[in-house]
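If you want the building blocks of each chain, they are given just below.
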Amino acid sequence: VPYFVQVAAVNSFGIGPFTNSNPRAIEVSPQPPSEPIDIFAEPLSDTEVLVQWNPPVENGGRQITHYKIEYDESSSFTGGGNNGPTGFISLSSVKITPVSDIQSVTVKIDSSGAKSALYLSGSFSLEFDGQKTGQLPFNASPLEMQAALEELC
């Protein structure tokens, strides 16, 4: 999309004539996108790896169309032919869907060997991405837990 720019000076008597910029029209130069963020890899088996990420902060002025995922046994990604990675996968960004992370929290009491009635009480905290919630009651509702986690963001 080209942009046109002109400038005029203003004082207490009014506005002067506009002058066009040189060059008259400018256009943002498309660039490669910045790197994807929050990359997470988890081995599922000897032949499968789960890879998750968030899109780059900057798309370079154009929609992201694909992601290239390289894999190698070497951290320098030079274990394949021509000192490149062992392999790669090109994944269309159209096929990518967000994944909600759902964790289950269970609070229970070990009543084995108890000689009298036991009562569940106390508090706990949750940790996410290096941040920790305040203390939550043992019987916190899902909405209370959600609010505590959202405060971390």
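Keep in mind that what you see is a predicted model, and the values were worked out from it rather than measured. Each chain has its residues counted from 1, following the order in which its sequence is written. Local features in this predicted model are restricted to residues of pLDDT 70 or higher, and side-chain atom pairs are both shown and tallied only at a pLDDT of 80 or more, whereas totals for entire chains, interfaces and linings draw on every residue. Excluded from the side-chain calculation are hydrogens and water; included are all heavy atoms of the structure.

Attention now moves to the pattern of salt bridges. Put simply, a salt bridge is a Lys or Arg side-chain nitrogen that is within 4 Å of an Asp or Glu carboxyl oxygen. On inspection of all chains with the given rule, the structure shows one salt bridge. A salt bridge links Lys68 to Glu70; the nearest nitrogen and oxygen atoms lie 3.7 Å apart. Note on exposure labels: buried denotes an accessible area under 20% of the residue type's maximum, exposed denotes more than 50%, and partly exposed covers the range between, all computed with a 1.4 Å probe on protein chains only. Residue Lys68 is classed as exposed on the basis of its relative accessible area of 56%.

Between 30 and 60 degrees the pair is tilted, below 30 it is stacked and above 60 it is edge-to-face, where a pair is any two Phe, Tyr or Trp rings, Trp via its six-membered ring, whose centres lie within 6.5 Å. Within this structure, the stated rule accounts for one aromatic pair. For a lysine, the NZ atom is tested; for an arginine, the CZ atom; a charge sits over a ring if that atom is within 6 Å of the ring centre and within 35 degrees of the ring normal. Its end group placed over the ring of Phe88, Lys68 keeps NZ or CZ at 4.5 Å from the ring centre.

Within a regular strand, the side chains alternate between the two sheet faces. With zero of seven residues buried, strand E5 (residues 37-43) lies mostly on the surface of the structure. With five bridges joining them, E5 and strand E6 (residues 49-54) adopt antiparallel strand pairing. Paired with Pro43 across the two strands is Val49, which belongs to E6. DSSP calls a pair of strands paired once it identifies at least 2 bridges connecting them. Secondary structure elements follow DSSP: runs of H or I no shorter than four residues count as helices, runs of E no shorter than two count as strands, and numbering proceeds from the N terminus. Linking E5 to E6, which pair antiparallel, is a turn of five residues.

Moving on, we get to the environment of Leu152. Within the secondary structure layout, Leu152 lies in the segment after helix H1 (142-150). Taking the C-alpha atoms as reference, Leu152 lies 32 Å from Glu70; in sequence the two are 82 residues apart. Between two residues, a contact is recorded if the distance between any of their heavy atoms is within 4.5 Å. The contact partners of Leu152, leaving out residues within four places of it in the chain, are Phe128, Gln131, Lys132 and Thr133.

Trans peptide bonds make up the majority, and among non-glycine residues the majority have a negative phi. Unusually for a residue other than glycine, Phe77 sits at a positive phi of about 55°. Among the secondary structure elements, Phe77 is positioned in the loop between strand E7 (66-71) and strand E8 (87-92). Positive phi outside glycine occurs at Asn82, with the angle close to 55°. With respect to the helices and strands, Asn82 occurs in the loop between E7 and E8.

What follows is about the side chain of Thr133. Looking at the element boundaries, Thr133 is found in the loop between strand E11 (131-132) and strand E12 (136-137). When residues no more than four places from it in sequence are discounted, the contact partners of Thr133 are Ser125, Leu126, Ala148, Leu149 and Leu152.

Turning our eyes to something else, we now look at a nonpolar patch on the surface. Judged by side-chain polarity, Val105, Val107, Ile109, Leu118 and Leu120 come together as a nonpolar surface patch covering roughly 360 Å² of accessible area. Along the chain, Val105 falls in the loop between E8 and strand E9 (123-124). What goes into a patch is any residue over 30% in relative accessible area without a salt bridge, connected to like charges within 9 Å or, for nonpolar side chains (Val, Leu, Ile, Met, Phe, Trp, Tyr), within 5 Å. Accessibility throughout is a Shrake-Rupley quantity obtained with a 1.4 Å probe, and a residue counts as covered only by protein chains that appear here.

A few words now on the side chain of Ser93. Within the secondary structure, Ser93 sits in the loop between E8 and E9. According to the relative accessible area criterion, Ser93 is buried, its value standing at 18%. Beyond its immediate chain neighbours, meaning those up to four positions away, Ser93 contacts Ile64, Thr65, His66 and Tyr67.

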